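Each chain, written out:
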Amino acid sequence: MNATTAALAADPALLDIDEEVREALHEGRPVVALESSAIPHGLPYPANLDLALDIDAAVRAAGAVPARVALLDGRIRVGMTKEQLELFASDPDVPKVSTRDMAITLARGGPGATTVSSSLVAAELAGIPVFAVAGIGGVHRDAPHTFDISADLVQFTRSRVAVVCAGAKSMLHPAWTLEWLETAGIPVIGYRCDDFPAYLSVSSGVPNPHRLDDLREIAAVTLAHWRAGNATAALVTHPIRDEDGIPSADIEAALADATAQARAAGVTGPAITPYLLKAISQATRGRTSAANRSVLLSTAALAGEFAAQFALELAEHAGAHS
């Protein structure tokens, strides 16, 4: 490897991995990567800190180690301390950083709250095969005119990470999102659910391509996907609890009004998602806040369970080929 090639290769020295996370990875124990963008850009302080700690606790209760990703001091932090969580929670000016923005933030040495796409970059660099998020990005409903497609989808084509989620965010087009994923060769598996979830709603009305009811089997499928040479993510979907979900008809009505308001206000690009989410929350009289908390916790817990099953599957495969 010449000097130029070495300089252009992924640099593990950029990683600042928490000691607990590093030990778990070394010992082959389950680890779940998490994003950090929802901390400064979600609930107000200190409710956002409490929720982040509850999510970490849900991962631990399921038998895995939480590894929340963030950018700090020119490095990629994998596994945030409580002090670091406090720093992000108390500062709403910490910028949200996607893959497009990672290099600028790292080179300048500033803090950055990672989205799904940038968190996946870090998870793969660190060797973490499981990532949890409530709702993924996807194809926006006005994509035929705006070409607005989330960087999450493109990153799924680049990262060998299993993404445990409750489907795509409510303001996105579920059928187009699934079509995009199919074109990219990304498996989408519903865990004990026939329909692709809709984040705050149980169903998007569009079926999952596959349904499996056993996490160990899903782990085997995920491993087989990568052993076959595929370099893409795999999606494991599971909906919000019935009693906590918001009826899709309510979401659709609120979304129609919010979209019209956004268009009239000239809101576009990265600003559109938080704008629509806030408008939906107001239209549903705050029900989205409770639903969001529920789905964040349930997805984190499921990811912890899946990570444990994947670790067993990986160990069994390694033993069979040792």
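Note that this is a predicted model, so its numbers are computed, not measured.

Undergrad: Got a sec to walk through helix α3 (residues 47–61)? Specific residues and values, please.
TA: With 15 residues, α3 should cover 21 Å at 1.5 Å per step; its first-to-last C-alpha distance of 21 Å lies within 8% of that length. Looking at the buried residues of α3, the elements they touch are β2 (31–34), β3 (65–72), α4 (82–89) and α13 (287–320). With its phi angle positive at about 100°, G63 sits one or two positions after the end of α3.

Undergrad: Could you give me a rundown of the packing of α3 against α13, with the residues and numbers involved?
TA: Contact pair α3 / α13: the axes reach a minimum separation of 7 Å and the direction vectors enclose 30°. Relative to α13, α3 is oriented roughly parallel. Judged by the twist between their axes, the crossing of α3 over α13 is right-handed. The segment α3 lies against α13, with L51, D54, I55, A58 and V59 engaging R293, L296, L297, A300, A301 and G304. For the contact of α3 with α13, the class distribution of residues is 8 nonpolar, 1 polar and 2 charged.

Undergrad: Give me the lowdown on the packing of aromatic side chains, citing residues and values where you can.
TA: The geometry of two aromatic rings is summed up by the distance between their centres and the angle between their planes. One pass over the full model with this rule turns up 2 aromatic pairs. The interplanar angle of 75° and the centroid separation of 5.8 Å between the aromatic rings of W226 and F310 together place this pair among those described as edge-to-face. Of this pair, W226 sits in helix α10 (residues 215–227) while F310 is found in helix α13, placing the two residues 84 residues apart along the sequence. A single burial state applies to W226 and to F310, both of which are buried. Aromatic rings pair up to connect W226, F306 and F310 into one cluster.

Calculation notes
Residues numbered from 1 in each chain as written. Predicted model: local features only at pLDDT ≥ 70, side-chain atom pairs only at ≥ 80, totals over all residues. Heavy atoms only, no water. Helix = DSSP H or I, 4+ residues; strand = E, 2+ residues; numbered from the N terminus. Expected span 1.5 Å × (residues − 1). Contact = heavy atoms within 4.5 Å. Axes fitted to C-alpha atoms, helices over the stretch in contact; angles between N-to-C directions. Parallel < 35°, antiparallel > 145°, perpendicular 65-115°, else oblique. Left-handed = near helix turned anticlockwise from the far one by under 90°. Nonpolar A, V, L, I, M, F, W, Y, C, P; charged D, E, K, R; others polar. Phe/Tyr/Trp six-rings, centres within 6.5 Å; stacked < 30°, edge-to-face > 60°. Buried < 20%, exposed > 50% of the residue type's maximum accessible area, 1.4 Å probe, protein only.

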